[in-house]
2 protein chains.
Amino acid sequence: MLNDILENSFIQRLAASLPRSPLQQNGLQESDAELIRLPGTSSVLAITTDSIVEEIESGLYEDPYLIGWMTVMVNASDLAAVGADPVGILLNETLPPAASEDFLVRLQEGIRDACSATGLAVLGGDTNFASRLQMGASAVGIVPDARPTTRIGCQPGDILVASGPLGLGNAYAFVQLGRAWRSLPSSVPFMPKARVWEGRLLREFASCCMDTSDGAFATLDQLMRLNNTGFVLESKLEEFLHPVALDITGAAALPPWLTLAGPHGEFELLFTIPPERTGAFMETASTVGWTPLVIGKVVEEPGVWFTQEEKKVYVDTGRIRNLSLHTDGDIHDYIHQLLLTVEKTVSI
Amino acid sequence: MLNDILENSFIQRLAASLPRSPLQQNGLQESDAELIRLPGTSSVLAITTDSIVEEIESGLYEDPYLIGWMTVMVNASDLAAVGADPVGILLNETLPPAASEDFLVRLQEGIRDACSATGLAVLGGDTNFASRLQMGASAVGIVPDARPTTRIGCQPGDILVASGPLGLGNAYAFVQLGRAWRSLPSSVPFMPKARVWEGRLLREFASCCMDTSDGAFATLDQLMRLNNTGFVLESKLEEFLHPVALDITGAAALPPWLTLAGPHGEFELLFTIPPERTGAFMETASTVGWTPLVIGKVVEEPGVWFTQEEKKVYVDTGRIRNLSLHTDGDIHDYIHQLLLTVEKTVSI
């Protein structure tokens, strides 16, 4: 079932012949960061790597400050999802020799500020020169109690929670790539801050957790396949979508759920809490000034449903995920294809 | 003095504003891998990242198996230099969508075999698609006794040792990029194996260590600047140059020392041993079947000298290192410039 998703099966195929470590706690795809037991200690090393390649090549990220910021954040967000204490980051910068001094300065400032915002130090890196800019990084964290949060473990009845409003990542992408679209603003602010501190708190409460780096539906789809459960988003969309996501889809006369469906996420966490721990979790969150959004629940039947005009709407999230590898740059065609993935509605 | 080298000053400038970690043992440039104290343990985490970008773009590496192999080895070699026990690697693959199935299979086989050869597991990774192939990785190791080897610590009088014959990397590059050169073979075998096991053994003996990933002279130059010492290569070149390096330079009627000067290394280790530990080191090495090559000694006066026809030849290694960033693709011009870096000879 995991391998119905083209990306999953591709990763599976790449990894098939490669040696695994007996120190590794997680299986392939089972957590946002890799979890490595440290011999002779009670700690687990969390390590992850992520690059900004398509985002630059497609024009999704153009501002050097944002590129630097996101190079750190995409990795910090993986540490957040497993609840690791952040340690540091290694940078892989591939710079065009023609990059201006100002461009490089802004790039480094984005990296610096994102590191400060997430408690990551820069441990080292590697700089190369090539015709096109590419940025990558690897981030390291420690889970001192050896109890990281993984993508595995939710049960029917658990509540489904978002660390913050959803949909801003896709709203940003829609504006950035669909500039010809009439009645859209010329840009929307996008500078997500990985939920590192919230993730550490979640170690005590969450039954599973994953970040929304590839969009909320992709996250739910992956959790569904890994846990063999389903997710019903019971809250109304306007209760948990980012105001900008509602504005942008409104201005474009498109359904707001599209901002959950696209492949550019908002780097929030989606997680589940067993009912008996819900009270304590909400109380702890409120004492640190965090307002997580309860958006639905875990159900037995695999699938993802959201609520629209008092109806439960089934989404073919698998089709959505495979779509984003197929449609090639034409955003109108992509949105048209997305609209076809809502297949049936059931009255509540 | 470190910043007389353009690459060093560029890295210094990139890193200047970035936050450092109080857990990090090494300063900028002071070790091949970053060394991070693990709180509550007596272990040090060694972590490094390195990419294969220019090597692919310039045509230096074409064979997908070699590209996969080197993606692992460039990182494994950094772990070797600090003496870490290998744990695993994270891969960053940027693949062209048009890459053939056979190309991908060979790439993964190169990765797999290099991991097996060095004791590294594949912990995870990130795959992107873009117009040009780029490969990167981050490798993780553990130094259990918290006594990693760094680039710092050699003293005048220490012996200078190479883990194996030198010059194959540049001989390979010369053949690969200088194909129009008359009388050269069409290719030379190049498949370096990082000295991971030897590096672990060196923790007990070496006063400093660095791999030769950028060529032997670049390594000595960096060690010279970091330690404020000099190096005299007292052995004759034919005693420690790789036979292929001697053959290729012979066929091209070029001086063999050029294979120490070029920027494409052979991924050996260059290290120093205090005189009082030399006997024990050589004995230990021989019991494991390893034959390190004593090639010279550490001297007080900063500089690098090699021996040619009974003469001590001074090499301007700083000029060599800055050269490789300046000459742009023309190998004849590059070699001409290299030949000008031998400035004076002193009879022994």
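Since we're looking at a predicted model, the values are computed, not measured.

Cut-offs and rules
- Residues numbered from 1 in each chain as written.
- Chains lettered and ligands numbered in written order.
- Predicted model: local features only at pLDDT ≥ 70, side-chain atom pairs only at ≥ 80, totals over all residues.
- Heavy atoms only, no water.
- Least-squares fit on C-alpha atoms with pLDDT ≥ 70 in both.
- Contact = heavy atoms within 4.5 Å.
- Pairing = 2+ DSSP bridges.
- Helix = DSSP H or I, 4+ residues; strand = E, 2+ residues; numbered from the N terminus.
- Axes fitted to C-alpha atoms, helices over the stretch in contact; angles between N-to-C directions.
- Expected span 1.5 Å × (residues − 1).
- Buried < 20%, exposed > 50% of the residue type's maximum accessible area, 1.4 Å probe, protein only.
- Buried area = accessible area lost by both parts, 1.4 Å probe.
- Salt bridge = Lys/Arg side-chain N within 4 Å of Asp/Glu carboxyl O.
- Polar contact = N/O pair within 3.5 Å; in protein donor to acceptor, adjacent residues only side chain to side chain.
- Arc of directions from axis to C-beta.
- Left-handed = near helix turned anticlockwise from the far one by under 90°.
- Nonpolar A, V, L, I, M, F, W, Y, C, P; charged D, E, K, R; others polar.
- Parallel < 35°, antiparallel > 145°, perpendicular 65-115°, else oblique.
- pLDDT = per-residue confidence, 0-100.

## Comments concerning the relation of the copies chain A and chain B
- Placing chain A over chain B gives an RMSD of 0.0 Å and needs a rotation angle of 180°, together with 0.0 Å of translation along the axis. Both chain copies can therefore be described as sitting about a two-fold axis.
- When the interface residues of chain A are mapped onto chain B, 100% of them again lie at the interface, so the same face is used by both copies.

## Some remarks on the sheet that holds strand β4 (residues 121-129) of chain B
All names here are of chain B.
- One open sheet holds the five strands; their spatial order is β1-β2-β5-β3-β4, and the pairing between them is mixed. Where the open sheet ends on each side, the last strands, each with one partner, are β1 (34-37) and β4. On average, each strand axis in the sheet is tilted by 20° relative to the strand beside it, whichever way the strands run.
- Bridging between strand β3 (residues 85-95) and strand β5 (residues 134-143) involves nine bridges; their strand directions are antiparallel. Within β5, the position partnered with L90 by the bridge is S138.
- Against the sheet, helix α3 (residues 64-82) contacts β1, β2 (44-52), β3 and β5, and its axis sits at roughly 145° relative to β2.
- Set on the sheet, helix α4 (residues 101-118) makes contact with β3, β4 and β5; between it and β3 the angle comes to about 165°.

## Thoughts on helix α4 (residues 101-118) of chain A
- In this model α4 of chain A runs 26 Å from its N-terminal to its C-terminal C-alpha over 18 residues, within 8% of the 26 Å that 1.5 Å per residue would give.
- Here α4 of chain A has its buried residues at L104, L107, Q108, G110, I111, A114, C115, A117 and T118 of chain A.
- Residues of α4 of chain A that are buried in the fold lie against α3 (64-82), β3 (85-95), β4 (121-129), β5 (134-143) and α6 (196-202) of chain A together with α1 (6-15) of chain B.
- G119 of chain A occupies a position one or two residues after α4 of chain A and carries a positive phi of about 75°.

## Things to note about the interface of chain A and chain B
- Tallying the contact residues gives 53 residues for chain A and 53 residues for chain B.
- When chain A packs against chain B, the two sides together hide about 4,600 Å² of surface, and 61% of this comes from carbon and sulfur.
- Inspection of the chain A/chain B interface yields two salt bridges.
- E101 of chain A serves as the salt-bridge partner of R13 of chain B, at 3.0 Å between the closest nitrogen and oxygen.
- Breaking the side of chain A that touches chain B down by element, the ones donating at least two residues are α1 (6-15), β1 (34-37), β2 (44-52), α2 (54-57), β3, α4, β4 and β5 of chain A.
- Tallying contributions element by element places β4 of chain A first for the side of chain A that touches chain B, with nine residues.

## With respect to the side chain of Q222 of chain A
Residues and elements named next belong to chain A.
- Position of Q222 relative to the elements: it lies in helix α7 (residues 216-227).
- You can call Q222 buried: its relative accessible area is 2%.
- Among the polar contacts made by the side chain of Q222, one reaches the side chain of N8 at a distance of 3.0 Å.

## Some remarks on α1 of chain B
- Those residues of α1 of chain B that fall on the buried side of the exposure criterion are N8, F10, L14 and A15 of chain B. Seen from one end, α1 of chain B has its buried residues packed into an arc of 165°, which puts them on one side.

## Looking at the sheet that holds β1 of chain A
Residues and elements named next belong to chain A.
- Strand order in the open sheet formed by five strands is β1-β2-β5-β3-β4, with mixed pairing between adjacent strands. With partners counted over all chains shown, the strands left at the sheet margins are β1 and β4, one partner each. Across the sheet, the axes of successive neighbouring strands diverge by a mean angle of 20°, strand direction being ignored.
- Sitting on the sheet, α3 is in contact with β1, β2, β3 and β5, with an inclination near 145° to β2.

## Comments concerning the packing of α3 of chain B against α4 of chain B
Residues and elements named next belong to chain B.
- In contact at an axis separation of 6 Å, α3 and α4 are set at 35° when each is read in the N-to-C sense. Of the two elements, α3 crosses α4, and the hand of that crossing is right-handed. Residues P64, Y65, I67, G68, W69, V72, M73 and A76 of α3 lie in contact with α4, whose contacting residues are F103, R106, L107, E109, G110, I111, D113, A114, C115, A117 and T118.
- For the contact of α3 with α4, the residue count by class is 13 nonpolar, three polar and three charged.

## Some points on the packing of helix α5 (residues 168-177) of chain B against helix α9 (residues 243-251) of chain B
All names here are of chain B.
- Contact geometry of α5 with α9 gives a least axis separation of 8 Å together with a crossing angle of 40°. One element, α5, and the other, α9, form an angle in the oblique class. Crossing hand, α5 versus α9: left-handed. Here α5 contributes L168, A171, F174 and V175 to the contact with α9, which in turn contributes V244, A245 and I248.

## A few points about the confidence of the model for chain A
- Confidence in the prediction of chain A, expressed as mean pLDDT, is 93, and 97% of residues score 70 or more.
- Predicted complex, confidence summary: ipTM 0.90, pTM 0.93.

## Some remarks on the pairing of β5 of chain A
All names here are of chain A.
- Across the ten residues of β5, ten count as buried, placing the element largely inside the fold.
- Burial of β5 is two-sided: the residues Q134, G136, S138, V140 and I142 facing one way and the residues M135, A137, A139, G141 and V143 facing the other way are all buried.
- Where β2 meets β5, nine bridges bridge the pair, whose relative direction is antiparallel. Residue I52 lies in a different strand from β5, and its bridge partner there is M135.

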